[in-house]
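One-letter residues, chain by chain:
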Amino acid sequence: MPFREKKAWATILALFVVFLPFYFLMARTYHQPDPDFYSLIHLALAALVIFVVLELLLVFIARRMSPEDASTPLDEREQLFAFRSARAAYITLIALVILVTFFNIHADGGNWGWGMAYLLAIILSEIVRATMLIVQYRRG
Amino acid sequence: MPDLPITNRIRELRAAKGDMSQLALANMIGVTRQTVNAIELGKYSPSLEVAFRIATVFKLPLEEVFQYQKN
């Protein structure tokens, strides 16, 4: 498996490991009668830090597993993969942001709720980017 | 079965050149081994520049390495 495919798997794994429990805890806190928004802010910051550390760790492991691949710059085929993936992620992000904004206008979610919805849009678009990369590397 | 209308003789030419590995060819033309494999299998059409680099390695004109299938 090429290093950049491993890196994409690392991104997906880190996103799921960190943000799935985060959104579960966030939703539980959010629906309490008197939610403590400061604890949610701390939780969000902790999730971001853990995500960055976990992804760096996984990428470090991937680099150790494929040292030659990791030091090679992107060639034209990999640049094409990266471009296609970034385009798919961008379209996803735009669509989700429009969707969240639309609901924001028509529903009252509170600042915190909408902030988390925009964060989710970013996370989902990143998942699309990494998944597109993996699919293209798998196809060859 | 290639997916693209461009076929090539890279595998055959590598074998003729003392069983040159995909990695060796990849290093000579500045792409990854996976990209050489994808080109050989007809899954990826290289840029003109990479195609010329491949032809230069085998010291052959471009059309003797790559063929365009009209159908």
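Residues numbered from 1 in each chain as written. Chains lettered and ligands numbered in written order. Predicted model: local features only at pLDDT ≥ 70, side-chain atom pairs only at ≥ 80, totals over all residues.

## Digging into the overall build of chain A
What counts here: Helix numbers and strand numbers start at the N terminus; a helix is a DSSP run of H or I with at least 4 residues, a strand a run of E with at least 2. In this scheme the burial state of a residue depends on its C-beta neighbours within 10 Å: 20 or more other such atoms mean buried, 12 or fewer mean exposed, and anything in between means partly exposed; the C-beta positions come from the backbone. It is the C-beta atoms, placed from the backbone, that decide contacts: two residues are in contact if theirs lie within 7 Å.
Of the regular secondary structure elements, chain A holds 5 helices and 0 strands. Shown N-terminal to C-terminal, the secondary structure of chain A runs as helices and strands in the order α-α-α-α-α. Its C-alpha atoms give chain A principal-axis dimensions of about 55 × 30 × 20 Å. Out of the 140 residues in chain A, the part that is buried amounts to 21%. Taking all contacts inside chain A whose residues are at least 6 apart in sequence as the whole, residues at least 24 apart take part in 82%.

## Some remarks on the nonpolar core
Residues and elements named next belong to chain B. To keep it simple, the criterion reads: To form a nonpolar core, buried Ala, Val, Leu, Ile, Met, Phe, Trp, Tyr and Cys residues must be joined through C-beta atoms within 7 Å.
Judged by nonpolar contacts, Ile-10, Leu-25, Ile-29, Val-31, Val-36, Ile-39, Tyr-44, Val-50, Ile-54 and Ala-55 together constitute the single largest core of 10 residues. Going through the elements one at a time, helix H2 (22–29), helix H3 (33–40) and helix H4 (48–57) are the ones with two or more residues in this core. With 3 residues, H4 is the single largest residue contributor to this core. Not counting residues up to four positions away in its chain, the partners in contact with Ile-39 are Asn-8, Ile-10, Tyr-44 and Pro-46.

## Observations regarding the interface of chain A and chain B
Interfaces are often sized by the amount of accessible area the parts lose when they come together. To keep it simple, the criterion reads: Residue polarity is assigned by list, with Asp, Glu, Lys and Arg as charged and Ala, Val, Leu, Ile, Met, Phe, Trp, Tyr, Cys and Pro as nonpolar; anything else, Gly included, falls into the polar class.
In this assembly, 8 residues from chain A lie in contact with 12 residues from chain B. The dominant element in the side of chain A that touches chain B, judged by the number of residues it contributes, is helix H4 (residues 76–106) of chain A, at 3 residues. Its residues placed into classes, the side of chain A that touches chain B shows 1 nonpolar, 2 polar and 5 charged.

## What to know about helix H1 (residues 3–30) of chain A
Residues and elements named next belong to chain A. We count it as follows: To estimate how far a helix should reach, multiply one less than its number of residues by 1.5 Å. Bend, at a single residue, is the angle you get between axes fitted to the 7 residues ending at that residue and the 7 residues starting at it.
Taking 1.5 Å of rise per residue, 28 residues should cover 40 Å, and H1 covers 39 Å from first to last C-alpha, within 8% of that figure. Along H1, the sharpest kink reaches roughly 25°, centred on Phe-19 and followed within four residues by the proline Pro-21. Within the sequence span of H1, burial applies to Arg-4, Glu-5, Lys-6, Lys-7, Ala-8, Ala-10, Thr-11, Ala-14, Val-18, Phe-19, Phe-22 and Met-26.

## Thoughts on H4(B)
Because the α-helix completes a turn every 3.6 residues, residues three or four places apart line up on one side. Spelled out, the test is: An arc is given here, and it is the one of the directions from the helix axis to the C-beta atoms.
Among the residues of H4(B), those classed as buried are B:Val50, B:Ile54 and B:Ala55. On an axial view of H4(B), the arc spanned by its buried residues comes to 140°, and they lie on one face. Relative to its buried face, H4(B) has exposed residues pointing more than 90 degrees away, namely B:Leu48 and B:Glu49. Where H4(B) is buried, its residues contact H4 of chain A together with helix H1 (10–16), H2 and helix H5 (62–65) of chain B. After H4(B) finishes, the residue B:Lys59 shows a positive phi value of roughly 55°.

## Focus on the confidence of the model for chain B
All names here are of chain B. Put simply, the rule reads: Residue-level confidence of the predictor is what pLDDT reports, using numbers from 0 through 100.
Per-residue confidence for chain B gives a mean pLDDT of 90; residues scoring 70 or more make up 94%. Considering each helix and strand of chain B separately, the mean pLDDT is smallest for strand E1 (residues 6–8), with a value of 90, and largest for H4, with 96. For this predicted complex, the interface score ipTM comes out at 0.82, while the overall pTM is 0.82.

## Some words on the packing of H2(B) against H3(B)
Describing two packed helices takes the angle between their axes plus the distance from one axis to the other. Residues and elements named next belong to chain B. Which entries qualify depends on this criterion: Note on geometry: axes are C-alpha line fits, over the in-contact stretch for helices, and angles between N-to-C directions span 0 to 180 degrees. In these notes the angle categories are as follows: under 35 degrees is roughly parallel, over 145 is roughly antiparallel, 65 to 115 is roughly perpendicular, and the rest is oblique.
For the pair H2 and H3, the least separation of the axes is 8 Å and the interaxial angle reads 105°. When the axis of H2 is compared with that of H3, the two are roughly perpendicular. For the pair H2 and H3, the contacting residues are Gln-22, Leu-23, Leu-25 and Ala-26 in the first and Arg-33, Thr-35, Val-36 and Asn-37 in the second. Taken together, the residues of the contact of H2 with H3 break down into 4 nonpolar, 3 polar and 1 charged.

## Quick notes on the confidence of the model for chain A
Per-residue confidence for chain A gives a mean pLDDT of 89, with 98% of residues at or over 70. Predicted confidence in chain A is weakest over helix H3 (residues 67–71) of chain A, with a mean pLDDT of 81, and strongest over H4(A), with 93.

## Examining the environment of B:Leu41
All names here are of chain B. Note on placement: Leu-41 falls in the loop between H3 and H4. Leu-41 gets classed as partly exposed once you count the C-beta atoms within 10 Å, which come to 16. For the pair Leu-41 and Ala-26, spaced 15 residues apart in sequence, the C-alpha to C-alpha distance is 15 Å.

## Here we look at the environment of B:Arg33
Residue and element names in this part refer to chain B. With respect to the helices, strands and loops of the structure, Arg-33 is situated in helix H3. In this structure Arg-33 comes out as partly exposed when scored by C-beta crowding, with 18 C-beta atoms within 10 Å. Among all residues touching Arg-33, those that are not within four sequence positions of it are Gln-22, Leu-23 and Ala-26.

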